[in-house]
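Chain residues, written in single-letter form:
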Amino acid sequence: MARYVFVTGGVVSSLGKGLSSASLASLLQLRGFKVRVRKLDPYLNVDPGTMSPFQHGEVFVTDDGAETDLDLGHYERFIDLELTASSNVTAGQIYSTVIQKERRGDYLGGTIQVVPQVTDEIKNHIKTLAKESQADVVVVEVGGTVGDIEGLPFLEAIRQIRHEVGRENVYNIHVTLLPFIQATGEIKTKPTQHSVKELRSIGIQPDAIIARSDFDVSNGILDKLALFCDVQKDSVVVLPTVKSIYEVPLVLKNSGIDSVLTKHLQLELESSLEDDWGDMVTRMHVLQNTLRIGVVGKYTDLPDAYISVKEALNHAGVYNDTNIEIVWIQSEEIEKVGCESLLSNLDGIVVPGGFGPRGIEGMIKTAQYARTNNIPYLGLCLGMQMMVIDVARNVLGLESANSTEFEKDTNNPVICLMEEQKNVVNKGGTMRLGNYPCELNPDSYLNEIYGISSIKERHRHRYEFNNQYRDILAEGGLIAQGTSPDGELVEICQLDQHPFMIGVQFHPEFLSRPQRPHPLFREFIGITKNGNHNG
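Before going into details, it helps to say that this report is about the structure given with it. (Residues numbered from 1 in each chain as written. Predicted model: local features only at pLDDT ≥ 70, side-chain atom pairs only at ≥ 80, totals over all residues. Heavy atoms only, no water.)

**A short note on the overall build of the chain**
Thinking step 1. Along its length, the chain carries 19 helices and 23 strands.
Thinking step 2. For 535 residues, the compact-globule formula gives about 24 Å, and the C-alpha radius of gyration of the chain, at 25 Å, lands near that figure.
Thinking step 3. Once the C-alpha set of the chain is aligned to its principal axes, its extents read approximately 70 × 60 × 45 Å.
Thinking step 4. Buried positions account for 57% of the 535 residues belonging to the chain.
Thinking step 5. The contacts of the chain with a sequence gap of at least 6 include a subset with a gap of at least 24, amounting to 74%.
Thinking step 6. Accessible area for the chain stands at about 22200 Å²; split by element, carbon and sulfur atoms hold 46% of it.
Thinking step 7. Once the 49 positive and 70 negative side-chain charges of the chain are each reduced to a mean point, those two points are 6 Å apart. (Helix = DSSP H or I, 4+ residues; strand = E, 2+ residues; numbered from the N terminus. Rg over C-alpha atoms; globule rule 2.2 N^0.38 Å. Buried < 20%, exposed > 50% of the residue type's maximum accessible area, 1.4 Å probe, protein only. Contact = heavy atoms within 4.5 Å. Areas by Shrake-Rupley, 256 points an atom, 1.4 Å probe, with all protein chains shown as cover. Lys, Arg positive; Asp, Glu negative; His and termini not counted. Charge placed at Lys NZ, Arg CZ, Asp CG, Glu CD.)

**Digging into helix α9 (residues 248-255)**
Thinking step 1. All of the buried residues along α9 are Val248, Pro249 and Leu252. Buried residues along α9 cover an arc of 100° about the axis, so they all sit on one side.
Thinking step 2. Of the surrounding elements, those touching the buried residues of α9 are α1 (17-30), α3 (71-79), β10 (208-213), β11 (236-240), α10 (257-264) and α11 (277-284).
Thinking step 3. Of the residues one or two after α9, Gly256 is the one with positive phi, at around 85°. (Arc of directions from axis to C-beta.)

**Here's the deal with the environment of Leu225**
Thinking step 1. Position of Leu225 among the secondary structure elements: in helix α8 (residues 219-229).
Thinking step 2. Along the sequence, Leu225 and Gln193 sit 32 residues apart, while their C-alpha atoms lie 7.3 Å from each other.
Thinking step 3. Among residues more than four places away in sequence, those in contact with Leu225 are Leu178, Thr189, Thr192, Ala211, Asp230, Val231 and Val236.

**Structural notes on the pairing of β10**
If a strand is regular, its side chains alternate between the two faces of the sheet.
Thinking step 1. Summarising burial for β10: six of the six residues are buried, a large majority.
Thinking step 2. Burial of β10 is two-sided: the residues Ala208, Ile210 and Arg212 facing one way and the residues Ile209, Ala211 and Ser213 facing the other way are all buried.
Thinking step 3. Of the pairings in the sheet, the one linking strand β7 (residues 170-177) to β10 comprises five bridges and is parallel in character. Looking at the pairing, His174 lines up with Ile209 of β10.
Thinking step 4. Judged from the five bridges that link them, β10 and β11 form a sheet pairing that is parallel. Bridging from a neighbouring strand, Ile210 pairs with Val237 of β11.
Thinking step 5. In terms of handedness, the path from β10 via α8 over to β11 forms a crossover that is right-handed. (Pairing = 2+ DSSP bridges. Right-handed = clockwise from strand over helix to strand, strands pointing away.)

**Things to note about the side chain of Ser308**
Thinking step 1. Tracing the backbone through its elements, the reader meets Ser308 in helix α12 (residues 307-319).
Thinking step 2. Engagement of the side chain of Ser308 in a polar contact is seen with the side chain of Glu58, the distance being 2.7 Å. (Polar contact = N/O pair within 3.5 Å; in protein donor to acceptor, adjacent residues only side chain to side chain.)

**What about the pattern of salt bridges?**
Thinking step 1. Under the criterion given, the structure shown has 27 salt bridges.
Thinking step 2. Arg516 is the salt-bridge partner of Asp80, the closest N and O atoms lying 2.9 Å from each other. On the criterion of sequence distance, the pair formed by Asp80 in the loop between α3 and β5 (88-90) and Arg516 in the loop between β23 (501-504) and α19 (519-530) is long-range, its members being 436 residues apart.
Thinking step 3. Judged by its relative accessible area of 45%, Arg516 falls in the partly exposed class.
Thinking step 4. As a salt-bridge pair, Asp207 and Arg162 come within 3.3 Å of each other at their nearest N and O atoms. Within this pair, whereas Asp207 is found in the loop between α7 (190-202) and β10, its partner Arg162 is found in helix α6 (residues 152-165), the two being separated by 45 residues in sequence.
Thinking step 5. With relative accessibility at 10%, the residue Arg162 sits in the buried group.
Thinking step 6. Through salt bridges that share partners, Asp63, Glu76, Asp80, Arg458, Arg513 and Arg516 make up one connected network. (Salt bridge = Lys/Arg side-chain N within 4 Å of Asp/Glu carboxyl O.)

**Let's talk about the nonpolar core**
Thinking step 1. Ranked by size, the top nonpolar core spans 42 residues in total, and within it Val5, Val139, Tyr171, Ile173, Leu252 and Leu261 carry the most contacts.
Thinking step 2. Counting residues per element, this core draws most heavily on α1, at six residues.
Thinking step 3. Ignoring any residue separated from it by four or fewer positions in sequence, one finds Val139 in contact with Val5, Val7, Ser21, Ala25, Leu28, Val35, Arg36, Val37 and Arg38.
Thinking step 4. Counting 39 residues, the second largest nonpolar core, distinct from the first, contains Cys339, Ile360, Ile364 and Leu398. (Core = buried A, V, L, I, M, F, W, Y, C linked by side-chain atoms within 4.5 Å.)

**Some details on helix α4 (residues 91-104)**
Thinking step 1. With 14 residues, α4 should reach 20 Å at 1.5 Å per residue; the first-to-last C-alpha distance of 20 Å fits that figure.
Thinking step 2. Those residues of α4 not exposed but buried are Ala91, Gly92, Ile94 and Val98. Angularly, the buried residues of α4 cover 165° about the axis, an arc narrow enough to put them on a single face. Those residues of α4 that are exposed and aimed more than 90 degrees away from the buried face are Arg103 and Arg104.
Thinking step 3. Buried residues along α4 sit against β2 (35-41), β5, α5 (114-133) and α6.
Thinking step 4. Note on α4: the residue one or two positions beyond its end, Gly105, has a positive phi of about 85°. (Expected span 1.5 Å × (residues − 1).)

Rendered as structure tokens:
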């Protein structure tokens, strides 16, 4: 029978519930337990796919094509498992399912209410994951903050699960903030006390508290939290702000919370398996070199919109013994002031994904600047399309070249809507999503980077390289080095006679891991560091 660890948040949002959940899952995994992780999102959107990156951050895409919360990226990076749609559920999905069942008559004319129909649907999602995965432990993160109206059905559902499976099979962790009052020099516990009071009013007593703080926390504060929140002192953990998110598992491990948790759940305690995570974190703090990498995008005002890109660059940096200083550049600024002042001091450039016409000309100018100045360039999804437009316009002289996403009636649609997308009306969940195969040119530099000729990568796009321009773009030096197995869809472009200028129609950042960086990011940083290219 699976055990459940529920992670809730209090006081404020963005405290690191996702990182705490991922870290706990990794610690349990290192003890030899089979672990699965699930995110419950209380918002009414069916998925994050149509939400603004400025509001929600990155949309993380799973192997099976689900558009999910960015926390699933943390889960995958920390426990190195490829998750699926079953690892994320939103209130929108829950309510949609309940309404569909009511329309079909599944409830036999009964009155549909939050309790029991909505809460039963939430419980079913949680228990189905446990049953299908045969996990020893399922770690469930409840999004939002205790007290949010939309989160109440989810909290009621996890309360009921504890009642149904037994208290010994459930462990509740509450992540809160310990604010520091500058005027008095004090850390305050009252917000945490009130958050726990709110949680207890719903019927959930936390078994442990993870308290976030930017300052040293005294034993007296820990005693106070334990007393007034009614938890054991060894179950009150201080989680300070650390230099790297990959330190969080080490902080939690040193606190002993994994041992307390496994004892409560009556899991046979194994000594931790051999783990080089600590060695990796140590290396992060003694990197010998530094590179300035510019990320030129549409949503750089909120770096969480590109969090997987950020982490993939850092993974590659550790592999190459190099600290990565990311310079976030809004592409619209390039349109205003030009490239020289913003890009001339960079060692390498990444242009990530995005949608819509805003800032596009700045990205095209960025691709042109990288091409003409021999600056290593990695284009991700939209970033590849910017490479194509630049070469078409500025090398081949096709001045009107554009994507039909930005100019529907362009005379030279070098990027166009995929055939299967032409009759699509709904925006949500209808793109080319998830894992797709790609065949590499066996004699190419890309084949050398990957070490294999057949790869699979995750996609999220509607527009594609226009094959009518493949030959003429090749004359301009832009070579298709990777395609779909039938050769119809261009997946990878490489600019000939350039140190490193590669664009991909997929999102390699989703597959990068801290101890196994993605080959493209690994090579991009390696070439940028060494200043040469042997391909």
